[in-house]
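Inside the fold
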Amino acid sequence: MITKLRNARGFTLVELMIVVAIVGILAALAIFGVKKYVTNSKTAEARNTLGQISKDGAGAWSREIMVASVLADQGTVAGANVLCTSSSKVPATMDLVQGKKYQASTAPQTDYNEGSSTASWVCLHFSMEGPQYYQYQYIATPGVSFDSTAIGDLNGDGTIFSQFTRSAVIRNQQVVLSPSIQEINPDE
């Protein structure tokens with residue numbers, strides 16, 4: 001009878017505390033891993049978008065921009081490679097993406113619909129249909145270079161911003177893109 005009682009007893013308090021400590025450590029590691037994974041997926045938006053803006057800037061340079069008027073008989077016109085002029089920031093202020101997403105407007109001459117065939121976002125043929133975590137801008141120095149930038153504040157603290165920049169220069173009448181994106185505080 002006594003041996004039967006000894007075999008039926010439960011865990012000791014020390015054993016239960018060890019199990020609780022192990023579960024707590026595993027939970028803390030899981031939370032850290034998931035947070036890092038989520039942050040990395042959000043920064044992927046900036047990297048992918050800057051890649052597309054840079055490709056669109058290079059594509060715009062490759063298009064020959066010519067006058068749209070009718071030529072005189074036996075007239076000629078020279079094509080020219082030009083960079084699109086700089087864009088506005090989308091969204092216009094950082095508070096619209098601090099710790100939240102921003103949905104760009106679809107109205108004419110707003111957000112990514114701003115510009116013309118030689119200016120800004122319309123010239124680049126770039127737009128974002130879905131909500132965004134970052135503020136984007138295309139900055140051109142005519143005939144010399146351009147930068148595409150993304151600035152964000154994923155944690156919404158308003159003190160430290162993450163910044164991504166991809167640069168390009170015009171060399172020998174061709175666009176040369178930087179091989180990587182410069183990242184400053186990417187997880188902020």
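Note: the structure precedes this text.
Notes on the structure in this doc start here. This one's a predicted model, so the numbers in the text were calculated from it and none came from an experiment. (Residues numbered from 1 in each chain as written. Predicted model: local features only at pLDDT ≥ 70, side-chain atom pairs only at ≥ 80, totals over all residues. Heavy atoms only, no water.)

**Concerning the pattern of salt bridges**
- One pass over the full model with this rule turns up two salt bridges.
- The partner of Asp 187 in a salt bridge is Lys 36, with the nearest N and O atoms 2.8 Å apart. With Asp 187 in the segment after β5 (182-184) and Lys 36 in helix α2 (residues 13-62), this pair connects stretches of sequence that are 151 residues apart.
- Assessed through its relative accessible area of 40%, Asp 187 is described here as partly exposed.
- The class of Lys 36 is partly exposed, set by a relative accessible area of 45%.
- Measuring nitrogen to oxygen at the nearest pair gives 2.7 Å for the salt bridge that ties Arg 47 to Glu 183. Remark: Glu 183 occurs in strand β5 and Arg 47 occurs in helix α2; sequence separation between them is 136 residues. (Salt bridge = Lys/Arg side-chain N within 4 Å of Asp/Glu carboxyl O. Helix = DSSP H or I, 4+ residues; strand = E, 2+ residues; numbered from the N terminus. Buried < 20%, exposed > 50% of the residue type's maximum accessible area, 1.4 Å probe, protein only.)

**Here we look at the nonpolar core**
- In terms of nonpolar packing, the biggest core is built from 29 residues, with Ile 53, Tyr 112, Trp 121, Tyr 134, Tyr 136 and Tyr 138 touching the most fellow members.
- Of all the secondary structure elements, the ones that give two or more residues to this core are α2, α3 (120-124), β1 (134-141), β2 (145-152) and β3 (162-171). (Core = buried A, V, L, I, M, F, W, Y, C linked by side-chain atoms within 4.5 Å.)

**Examining the packing of aromatic side chains**
- One pass over the structure, following the stated rule, counts six aromatic pairs.
- Arranged with centres 5.4 Å apart and planes meeting at 80°, the rings of Tyr 112 and Phe 126 form a pair that is edge-to-face. Here Tyr 112 is found in the loop between α2 and α3, whereas its partner Phe 126 is found in the loop between α3 and β1, with 14 residues between them in sequence. Across the pair, exposure class does not vary: Tyr 112 and Phe 126 are buried alike.
- An angle of 55° between the planes, with centres 6.4 Å apart, marks the rings of Tyr 134 and Tyr 136 as tilted. As far as the burial class goes, Tyr 134 and Tyr 136 line up, both buried.
- Three or more aromatic residues joined by ring pairs form one cluster here, namely Tyr 112, Trp 121 and Phe 126. (Phe/Tyr/Trp six-rings, centres within 6.5 Å; stacked < 30°, edge-to-face > 60°.)

In short, shape yes, function no, at least from these values alone.
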